[in-house]
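Observations on the three-dimensional arrangement
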Amino acid sequence: MGNLKRSRQVKIRHMQCLSEAVAHGSLKGAAEHLGLTQPAMSRTLKELEEILGATLLRRSRAGVELTEAGEIFAHFARMSLAALDHGLDSVDRTQGGLLRQEVTVGALPSVAAGLLPRVAEEFRRLAPEAVLRLSDGPHGMLIDLLRSGAVSMVIGRLGDPAVMQGVSFTQLYTEEVVCAVRPGHPCLAAPSLSDLTRWPVIFPPSTAAIRPLVERWLISHGLSEPPQRIETVSGAFARVHARDTDAIWMISRGVVRNELADGRLVELPFDMSLTKGPVGLMLRQDAERTPLEGVFLKALHAAIGALDYDVS
């Protein structure tokens, strides 16, 4: 089949399905993101493979991965979709700027520190002329910004049901709390849960989304709130204080993801699975998504896939 004929048969939906399947690592996740059924997703990808005369995806219980031909085509599919988005953006500007040229996002500290830098870089690649406005802070403040329209979306932990009225929540991944200390901390010789009573603890305040999870974890181990504690959501303060003192920092993994990776902080070997909770996308239920916000969400899902977050 000639290239011209094949190019006319390949539709945007083919490229979108392939790109999302790669980004999510599974047909199920991609189908849900695109609002399709999984059988419809499979049919579209099979149709694309028949048009190209090549197998693009290997399917297994673990998900999907690209073949060599798939790698090549997916690269150009992503470029084509990004070019289309950029073209629509440019046309809109010439028609009076109906498409907003900025995206306003609120993020809890765990997201701002761990995930958003990668999202911002991917978004810059997809929409180089757009402005990304980011705000971080405690859950309550961000939800107030969302309701007022100061931000168009919030990424973070699921909040208390009373706070979430009028706000939709779509889970992106799950994350747990960790106990982190400086390298060389005395408790590293023989870590024990009793260390939380012997050493100062940087503790989430009552307004923090992780506070109920941390309290539940303490109760499950027969512990009360640490007697020597500093309650704060300030990552700037806690990073310096944990590095320069013997304080134990109880914080979402995403906040200290980089510090744990490069050894600036060390995770205590406690079973914190009970603190695992959903991190997701929050929107006003009456809000309509702009095309540029759709581009940001593509960047968001791509970054989650690249950083190998727990999407279970």
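Just so you know, the residues in each chain are numbered from 1, in the order the chain's sequence is written. For a predicted model such as this one, the threshold for reporting local features is a pLDDT of at least 70, and the threshold for listing and counting side-chain atom pairs is 80 or more; totals across whole chains, interfaces and linings nevertheless cover every residue. The basis for every side-chain value is the complete set of non-hydrogen atoms in the structure, without hydrogens or water.

**Some thoughts on the sheet that holds strand β11 (residues 266-267)**
Here we have 5 strands laid out as an open sheet, ordered β9-β8-β10-β7-β11, and mixed in their pairing. Each edge of the open sheet carries a strand with a single partner, namely β9 (229-231) and β11. Each pair of strands is called paired provided DSSP finds at least two bridges between the two strands. The helix and strand labels rest on DSSP assignments: H or I over at least four residues marks a helix, E over at least two residues marks a strand, and numbering proceeds from the N terminus. Bridging between strand β7 (residues 177-181) and strand β10 (residues 248-252) involves 4 bridges; their strand directions are antiparallel. Bridge pairing in β10 links A180 to W249. Residues are treated as being in contact if the distance between any of their heavy atoms lies within 4.5 Å. Angles here are taken between N-to-C directions and fall from 0 to 180 degrees, while the axes themselves are lines fitted to C-alpha atoms, restricted in helices to the stretch in contact. Its contacts with the sheet place helix α10 (residues 211-220) against β7, β8 (201-203), β9 and β10, and it is angled at close to 135° to β8. Contacting β8, β9 and β10, helix α11 (residues 235-244) crosses the sheet at an angle of about 145° to β10.

**Remarks on the packing of helix α7 (residues 116-126) against helix α13 (residues 291-306)**
Any two packed helices are characterised by the angle at which their axes cross and by the distance between the axes. Taken N-terminus to C-terminus, the directions of α7 and α13 make an angle of 130°; their axes are 8 Å apart at the nearest point. What the angle tells us is that α7 and α13 run oblique. Judged by the sense of rotation from one axis to the other, the crossing of α7 with α13 is right-handed. Together, L116, R118, V119, E122, F123 and L126 of α7 and L292, V295, F296, K298, A299, L300, A302, A303 and A306 of α13 make up the contact between the two elements. We call two directions roughly parallel when the angle between them is under 35 degrees, roughly antiparallel when it is over 145, roughly perpendicular when it lies between 65 and 115, and oblique otherwise. Throughout, a crossing is termed right-handed when the near helix is turned clockwise from the far one, and left-handed when it is turned anticlockwise from it by less than a right angle.

**What about the nonpolar core?**
Among the nonpolar cores identified, the biggest contains 28 residues, and L115, F123, I155 and F296 are the most heavily contacted of them. If you list the elements that add at least two residues to this core, you get β3 (102-107), α7, β5 (153-157), β6 (167-175), β12 (277-284) and α13. For L115, the contacting residues outside a window of four places in its chain are S110, Y173, L300, A303, I304, L307 and Y309. We call a set of buried Ala, Val, Leu, Ile, Met, Phe, Trp, Tyr and Cys residues a nonpolar core when their side-chain atoms join them within 4.5 Å. Between buried and exposed lies partly exposed: a residue is buried under 20% and exposed over 50% of the maximum accessible area for its type, with that area taken using a 1.4 Å probe on protein chains only. With 21 residues, the next largest nonpolar core counts C17, L45, F73 and A77 among its residues.

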